[in-house]
Amino acid sequence: AQTVTQSQPEMSVQEAETVTLSCTYDTSESDYYLFWYKQPPSRQMILVIRQEAYKQQNATENRFSVNFQKAAKSFSLKISDSQLGDAAMYFCAYSRFSGGGADGLTFGKGTHLIIQP
Amino acid sequence: KAGVTQTPRYLIKTRGQQVTLSCSPISGHRSVSWYQQTPGQGLQFLFEYFSETQRNKGNFPGRFSGRQFSNSRSEMNVSTLELGDSALYLCASSLGQGADYEQYFGPGTRLTVT
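Before going into details, it helps to say that this report is about the structure given with it.

1. Some words on the overall build of chain B
Then step 1. What chain B contains, in helices and strands, is zero helices and eleven strands.
Then step 2. When the elements of chain B are put in sequence order from the N terminus, they spell out β-β-β-β-β-β-β-β-β-β-β.
Then step 3. Considering only C-alpha atoms, chain B reaches an extent of 35 × 25 × 25 Å along its principal axes.
Then step 4. Buried positions account for 52% of the 114 residues belonging to chain B.
Then step 5. For chain B, contacts bridging at least 24 residues in sequence account for 54% of all contacts bridging at least 6.
Then step 6. Accessible area of chain B: about 5200 Å², with a carbon and sulfur share of 47%.
Then step 7. Here chain B holds 11 positive side-chain charges and 7 negative ones, and the gap between their average locations is 6 Å.

2. Description of the interface of chain B and chain A
Then step 1. Residue-level contacts link 23 residues of chain B with 24 residues of chain A.
Then step 2. Interface area, chain B with chain A, both sides summed: about 1800 Å², of which 48% is carbon and sulfur.
Then step 3. Summed over the shared surface of chain B and chain A, the number is zero salt bridges.
Then step 4. Counting every contact that joins chain B to chain A gives five residue pairs in polar contact (both at pLDDT 80 or more).

3. Focus: the state of the cysteines
Then step 1. Under the counting rule described, the total for this entry stands at two disulfides over all chains.
Then step 2. Bridging A:C23 to A:C92, the disulfide has an S-S length of 2.0 Å. Taking the sign of the torsion about the S-S bond as the criterion, the disulfide between A:C23 and A:C92, at about -70 degrees, is left-handed. With A:C23 in the loop between β3 (19-21) and β4 (24-26) and A:C92 in strand β10 (residues 88-96), this residue pair connects regions lying 69 residues apart in the sequence.
Then step 3. We classify A:C23 as buried; its relative accessible area is 2%.
Then step 4. Sulfur-sulfur distance for the disulfide between B:C23 and B:C91 comes to 1.7 Å. In this structure the cystine formed by B:C23 and B:C91 twists about its S-S bond by roughly -45 degrees; its chirality is therefore left-handed. Placement of B:C23 in strand β3 (residues 19-24) and of B:C91 in strand β9 (residues 87-94) is noted, with a sequence separation of 68 residues between them. Accessibility assignment for this pair places B:C23 and B:C91 in one class, buried.

4. Focus: the packing of aromatic side chains
Then step 1. Enumeration according to the criterion identifies 15 aromatic pairs over all chains in this entry.
Then step 2. On the numbers, 6.3 Å between centres and 20 degrees between planes, the contact of A:W36 with A:F75 is stacked. Highlighted residues: A:W36 in strand β5 (residues 32-39) and A:F75 in strand β9 (residues 74-79), separated in sequence by 39 residues. Neither A:W36 nor A:F75 differs from the other in exposure class; each is buried.
Then step 3. Between A:F68 and A:F75, the aromatic rings sit 6.3 Å apart at their centres with planes inclined by 80 degrees, giving edge-to-face as the arrangement. The pair formed by A:F68 and A:F75 is uniform in burial state, with each residue classed as buried.
Then step 4. An aromatic cluster is built from A:Y33, A:F35, A:Y37, A:F91, A:F107, B:Y35, B:F45 and B:F105, whose rings are joined through pairwise contacts.

5. Concerning the pairing of β9(B)
All names here are of chain B.
Then step 1. Of all the eight residues making up β9, eight are buried; the element is thus mostly covered by neighbouring parts of the structure.
Then step 2. Here β9 shows a buried face lined by A87, Y89, C91 and S93 and a second buried face lined by L88, L90, A92 and S94.
Then step 3. The pairing of strand β4 (residues 31-38) with β9 spans seven bridges and is antiparallel. Across the sheet, Y35 pairs through a bridge with L90, a residue of β9.
Then step 4. One ladder, built from three bridges, connects β9 with strand β11 (residues 109-113); its direction is antiparallel. Opposite Y89, over in β11, you have T109 as the bridge partner.

The rules behind these values
Residues numbered from 1 in each chain as written. Chains lettered and ligands numbered in written order. Predicted model: local features only at pLDDT ≥ 70, side-chain atom pairs only at ≥ 80, totals over all residues. Heavy atoms only, no water. Helix = DSSP H or I, 4+ residues; strand = E, 2+ residues; numbered from the N terminus. Buried < 20%, exposed > 50% of the residue type's maximum accessible area, 1.4 Å probe, protein only. Contact = heavy atoms within 4.5 Å. Areas by Shrake-Rupley, 256 points an atom, 1.4 Å probe, with all protein chains shown as cover. Lys, Arg positive; Asp, Glu negative; His and termini not counted. Charge placed at Lys NZ, Arg CZ, Asp CG, Glu CD. Buried area = accessible area lost by both parts, 1.4 Å probe. Salt bridge = Lys/Arg side-chain N within 4 Å of Asp/Glu carboxyl O. Polar contact = N/O pair within 3.5 Å; in protein donor to acceptor, adjacent residues only side chain to side chain. Disulfide = S-S within 2.5 Å. Phe/Tyr/Trp six-rings, centres within 6.5 Å; stacked < 30°, edge-to-face > 60°. Pairing = 2+ DSSP bridges.

In structure tokens, the structure reads:
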């Protein structure tokens, strides 16, 4: 079974600075997807960024970028120029490359990100 | 375009009762997935429906069931409620089946079992 581990229960960063959230995963699959989701206090999960394992290039979305190390099974999220609105729980998630099948997302336990003004 | 809606938003039930939660996907989305979120176990996949058929199921007992209607709306049912079923239940919809399609989450239904 696939597992996702987020070793940082909580992180704190000053506004406008950069922070990196860590995620490692375990899988025997060669093709899969990795995601970072944000869950603010409203509890609505929002997709931040997605990475296909077969793509070597790291995904980026504005201030959000990932460092995907396939061999090390590591998938960290870097948030640049942190803003107060970035404060939330961040979940790393894995999904098998299903090619049409459905396996659901496997989530890590989450990292609570605090932004200090 | 309206987002994923879940009803009710909050629910209090007694142990032994059953409950039905509803999820209306984004218009045009045909896949609906359900997740349970608890402080102890985190987020766990319950099941996914696509074209009115359950495509996959997570590791939950048979007390947890669901269905999908022809308009893609989905319901999940929990019978014989236990205290441990208290959780936030999240529904997500996507255009198609599988991780190739982005999942959009609803606000969740907070279930409290007393």
